[in-house]
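Inside the fold
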Amino acid sequence: MSAITDSARGEDCQIRISGVCNFDRATTVWAHANGSAAGKGIGMKSPDLLGAYGCFACHQCVDGQRPPPMGWTRDDVRLAFWQGHARSILKLIEKGIVVLQRGKVLVA
């Protein structure tokens with residue numbers, strides 16, 4: 001476990017897929033980004049920095065184990081994930097886990 005993945009305990013879901021999100025902080029984990037562009041490969045997760053705080057239900061939807069809500073496309077789900085990623089990075093900065101120093105990103 002890293003400081004980033006550990007920091008998910010008790011956090012609000014930042015992915016927030018309408019009609020899917022369970023808003024249960026007890027189920028929030030650090031959901032890693034999907035796809036080869038994020039560094040994911042067979043048997044490999046993307047780097048911890050490429051993720052978001054996600055409840056169990058939103059995480060399942062992002063990973064394709066639960067269908068998107070009615071009227072949503074897979075692209076809508078991807079957008080929700082990346083918006084959640086941005087909100088999660090801001091939370092990591094607030095917590096001091098990610099530090100911006102002289103134009104560089106430092107991860108604890």
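Data block above holds the structure.
Here's what I pulled together on the structure shown here.

1. Examining the environment of C13
Inspection of the secondary structure puts C13 in the loop between helix 1 (3-6) and strand 1 (29-32). What makes C13 buried here is its relative accessible area of 7%. Setting aside residues no more than four positions away along its own chain, C13 makes contact with C21, T28, Y53, G54, C55 and C58.

2. Overview of the nonpolar core
Grouped together as the largest cluster of nonpolar side chains are 17 residues, with contacts concentrated most on I15, I17, C58 and F81. Taken together, the elements giving at least two residues each to this core come down to helix 2 (56-62) and helix 3 (74-95). With four residues, helix 2 is the single largest residue contributor to this core. If we ignore the near neighbours within four places in the chain, the residues touching I17 are C58, C61, V62, P69, W72, V77 and A80. Membership of the second largest hydrophobic core comes to eight residues, among which are I4, Y53, L92 and V98.

3. Observations regarding the pattern of salt bridges
Opposite charge on two side chains allows them to pair when their charged atoms are near. All chains considered together, the criterion is met by five salt bridges. Among the salt bridges present, the one from E11 reaches K95, with a minimum N-O distance of 2.7 Å. With E11 in the loop between helix 1 and strand 1 and K95 in helix 3, this residue pair connects regions lying 84 residues apart in the sequence. Counted as one network, the salt bridges with shared partners bring together E11, K91 and K95.

Calculation criteria
Residues numbered from 1 in each chain as written. Predicted model: local features only at pLDDT ≥ 70, side-chain atom pairs only at ≥ 80, totals over all residues. Heavy atoms only, no water. Helix = DSSP H or I, 4+ residues; strand = E, 2+ residues; numbered from the N terminus. Buried < 20%, exposed > 50% of the residue type's maximum accessible area, 1.4 Å probe, protein only. Contact = heavy atoms within 4.5 Å. Core = buried A, V, L, I, M, F, W, Y, C linked by side-chain atoms within 4.5 Å. Salt bridge = Lys/Arg side-chain N within 4 Å of Asp/Glu carboxyl O.

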